[in-house]
Amino acid sequence: MKTSKLVNEFQTIFKRTEKPRVFFAPGRINLIGEHTDYNGGHVFPAAISYGTYAIAQTRDDQKLRFYSVNFEERGIIECDLTDLAYDEKDDWANFPKGMIKYMCESGLDISTGMDILYYGNIPNGAGLSSSASIEMVTGVLVESLCKLTVDRVKMIQLGQKVENDYIGVNSGIMDQFAIGMGKLNHAILLNCDTLEYRYAPIELENHSIMIIHTNKQRTLAGSKYNERRAQCEQALADLQTELSIESLGNLSIDDFEAHKHLIQDDVNCQRAKHAVYENVRTLEALKQLQAGHLEEFGLLMNASHKSLQEDYEVTGIELDTIVEAAWAQPGVVGARMTGAGFGGCAIAIVEDDKIDAFKENVNKIYTEKVGYEATFYTAAIGDGAKEITEEELV
């Protein structure tokens, strides 16, 4: 949807005549490094061209009014700056509410209400981080409309706090970090323990990143995400009886193999194995990309998926069918699930001239096995959350 149309819709819905301001926060894909973020390891995400638009304007009172083009049947959801408590009936609007609440509580001077219209073109339930996209676009617009200066990493941490403390999902910081700090044509190698990061150019030459949506809906809060996190925490506690480590991300493969007998539960040991090996794969992936070794990077993607399937057990028939079908296609460098799993999306790096055949063949295999179609998107890697200037409006 064009931003000019969203501006018109904002003016109609909220009955405002002044020209509002336009903000955008991307979604993200994670190229490799899955379920390592809350285990103190490295991740390798990138911001994508799909995301969340927010059209916003200040008010003369303390009312906050939220409207989503994606959930128009819910109409305008209203609250007040003096009462930003979580309310189940506010549904999706709890994400921006939580962000504004924690910005206020962090000492920022937010004394004016706002009208905000949201529109997201991230496929619903795809696992490309629509909730973090809403949080970060809200953070950026509040910073701008209230004439604040907010350290971007601080804003990212507040977004994670919304997920953890306000919504109740024990997620790591990767999603908000990738969305807040994204850079055109670059991925970010992020140490989730220290928040040290560096940008890595993504030069795919004659290849593209395909996102394949299983069209199986997934919700993090209701999934086994929190269970996996608890299993890793218990494995870490067992290892800490003899090892002086703060996270599974501190371990080399050799260290893990030498001490895994300390982990009391076999399933917890499997989970920890994935976290340790995946962290090592992620660091190796950066080296291979920097050396221009795309094929080796693809092999690491494939190994990541196998580990998520066998050791972490978060894939399921839909993701496995797509990834295994992708591996069998000509021109595919590598493929894996991306995101938390349990549905959502897979990604594949595919030669440009093989993309049409890739989509047709993978979709055929998927539909025959699962009973409904997958949806395919070509991912452009873009910038992080920002205001869209007058010149950029379409």
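Everything below is about the structure printed above this text.
Reference entry: report on the structure contained in this document. (Residues numbered from 1 in each chain as written. Predicted model: local features only at pLDDT ≥ 70, side-chain atom pairs only at ≥ 80, totals over all residues. Heavy atoms only, no water.)

**A closer look at the pattern of salt bridges**
Thought 1: Summed over all chains, the structure comprises 28 salt bridges.
Thought 2: Aspartate 90 is paired through a salt bridge with lysine 97; the nearest N and O atoms lie 2.7 Å apart. Of the two residues examined, aspartate 90 and lysine 97, each falls in the buried class.
Thought 3: A salt bridge links aspartate 165 to lysine 161, with the nearest nitrogen and oxygen atoms 3.2 Å apart. One end of the pair, aspartate 165, and the other, lysine 161, are both in helix H4 (residues 152–167), four residues apart, so they sit about a helical turn from each other.
Thought 4: For lysine 161, a relative accessible area of 33% puts it in the partly exposed group. (Salt bridge = Lys/Arg side-chain N within 4 Å of Asp/Glu carboxyl O. Buried < 20%, exposed > 50% of the residue type's maximum accessible area, 1.4 Å probe, protein only. Helix = DSSP H or I, 4+ residues; strand = E, 2+ residues; numbered from the N terminus.)

**Looking at the packing of aromatic side chains**
What characterises a pair of aromatic rings is the spacing of the ring centres plus the angle enclosed by the ring planes.
Thought 1: Enumeration according to the criterion identifies 12 aromatic pairs in this entry.
Thought 2: Pairing phenylalanine 24 with tyrosine 53 gives two aromatic rings, centres 4.6 Å apart and planes at 50°, and the pair type is tilted. Taken as a pair, phenylalanine 24 in strand S1 (residues 21–30) and tyrosine 53 in strand S3 (residues 45–58) lie far apart in primary sequence, 29 residues in all.
Thought 3: Judged by its relative accessible area of 9%, phenylalanine 24 is buried.
Thought 4: Taken together, a centroid distance of 5.3 Å and an interplanar angle of 80° make the contact between tyrosine 50 and tyrosine 377 edge-to-face. Note that tyrosine 50 is positioned in strand S3 and tyrosine 377 in strand S12 (residues 375–379), a separation of 327 residues in sequence.
Thought 5: Following the ring pairs from residue to residue traces out a cluster consisting of Phe24, Tyr53 and Tyr119.
Thought 6: The residue whose ring lies beneath lysine 161 is tyrosine 102, and the NZ or CZ to ring-centre distance is 4.7 Å.
Thought 7: A cation sits over an aromatic face here: lysine 273 above tyrosine 277, 5.4 Å from the ring centre. (Phe/Tyr/Trp six-rings, centres within 6.5 Å; stacked < 30°, edge-to-face > 60°. Lys NZ or Arg CZ within 6 Å of the ring centre and 35° of its normal.)

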